[in-house]
Amino acid sequence: MKRVSSHLLSGALLLALYSTSSLAADRKPDILLKATFTEVTVSFDDAIKADAPLLKYLTAAGKTWAAKTLKELVAQRKDMNDLPADIRNRPWSSERGYTQDALVAARYASIIRGEFSYTGGAHPNHGSDTLLWDRQAGKMISIRPFFTELADGGPAMTAIRNAVVADLKIEKKKRDGDNPDMSLVDALEPKLLTIGPVSLAPSTVAGKSSGLTFHYSPYAVGAYAEGDYTAFVPWETLKPYLSAEGTAIFGGAQSPQASDKPQ
């Protein structure tokens, strides 16, 4: 899929673009809650639906989030009673969509959780987060078991941070010319919990991961008009810091499908 330079789009076109490309546009929601002019949905892709324990876990989490979100949106609407009807009665929506991006070693399911919301503002908001499901343990885990250490400011996180920054700077220059604002990119720290949501990247070798992909929603490393960014760190960069478990799951190259995704 080709990237679109968001800064070339007018505000009206951006609104139309995101309204028609919301998370649930291509699949029926699995959870749907409604109130007056307000809708909250959660959806899961087919790979997640085929994994009963994972689906059970995410369904429970999705129901809790949907109920809480609908309650909050309804409360916000009560503060709009003095506004004109055309503003007060605009449809609001909040959506979460879960997609299994990679299944590694028939054990680790790397999940992307996309989010989309429109609550009557100048434009919709969207973003993403990541989850890593260990099928064998039946629970969510972090990437820590794949490394010998991931201490804040340690050798592994410093190498990862440097690779992320380098990849983001290449992409920002493609979008914004020779002198883009790199302040938010440079501000990224070598800390696992703050550097950004991370997923296992698909590989050209079946059952392997080609490295780590870091996901940045609008505003995270640039202006809203710049859109989302991803940064890919190949497993060769990670190799000196991998545990035995990490060494076993990484290999191959980034799959063409992954490299073609919008950054």
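Scroll up to find the structure.
Residues numbered from 1 in each chain as written. Predicted model: local features only at pLDDT ≥ 70, side-chain atom pairs only at ≥ 80, totals over all residues. Heavy atoms only, no water.

A. Looking closely at the sheet that holds strand β7 (residues 198-202). Pairing in this open sheet of three strands is antiparallel, and the strands run β7-β8-β9 from one edge to the other. Where the open sheet ends on each side, the last strands, each with one partner, are β7 and β9 (229-234). Averaged over all neighbouring strand pairs, the angle between strand axes comes to 35°, with direction disregarded. As paired strands, strand β8 (residues 209-216) and β9 are joined by six bridges and run antiparallel to one another. In the strand pairing of β9, Thr213 is matched with Phe232. (Pairing = 2+ DSSP bridges. Helix = DSSP H or I, 4+ residues; strand = E, 2+ residues; numbered from the N terminus. Axes fitted to C-alpha atoms, helices over the stretch in contact; angles between N-to-C directions.)

B. View of the pattern of salt bridges. This structure, assessed with the given rule, holds 12 salt bridges. For the salt bridge of Lys169 with Asp186, the shortest nitrogen-to-oxygen distance reads 2.8 Å. Of this pair, Lys169 sits in helix α5 (residues 155-176) while Asp186 is found in helix α6 (residues 183-186), placing the two residues 17 residues apart along the sequence. Note on Lys169: relative accessible area 26%, which makes it partly exposed. Residue classification places Asp186 among the partly exposed positions, given a relative accessible area of 39%. For Lys172, the salt bridge goes to Glu226, with nearest N and O atoms at 2.7 Å. (Salt bridge = Lys/Arg side-chain N within 4 Å of Asp/Glu carboxyl O. Buried < 20%, exposed > 50% of the residue type's maximum accessible area, 1.4 Å probe, protein only.)

C. Fine view of the sheet that holds strand β2 (residues 38-44). The sheet built from six strands is open, its strands ordered β1-β2-β3-β4-β5-β6 with mixed pairing. With partners counted over all chains shown, the strands left at the sheet margins are β1 (31-35) and β6 (139-140), one partner each. Inspection of the sheet shows β1 paired to β2 by five bridges, in the antiparallel sense. Looking at β2, one finds that Leu32 is bridged to Thr41. Its contacts with the sheet place helix α3 (residues 52-78) against β1, β2, β3 (92-104), β4 (108-118), β5 (125-134) and β6, and it is angled at close to 165° to β2. (Contact = heavy atoms within 4.5 Å.)

D. Spatial organisation of the pairing of β8. Burial within β8 is extensive, with eight of its eight residues counted as buried. Relative to β8, β7 is paired through five bridges, and the arrangement is antiparallel. For Val198, the partnering residue across the bridge sits in β8 and is Phe214. Between β7 and β8, which pair antiparallel and follow one another directly, the connecting turn spans six residues, one of which, Gly207, has a positive phi of 80°.

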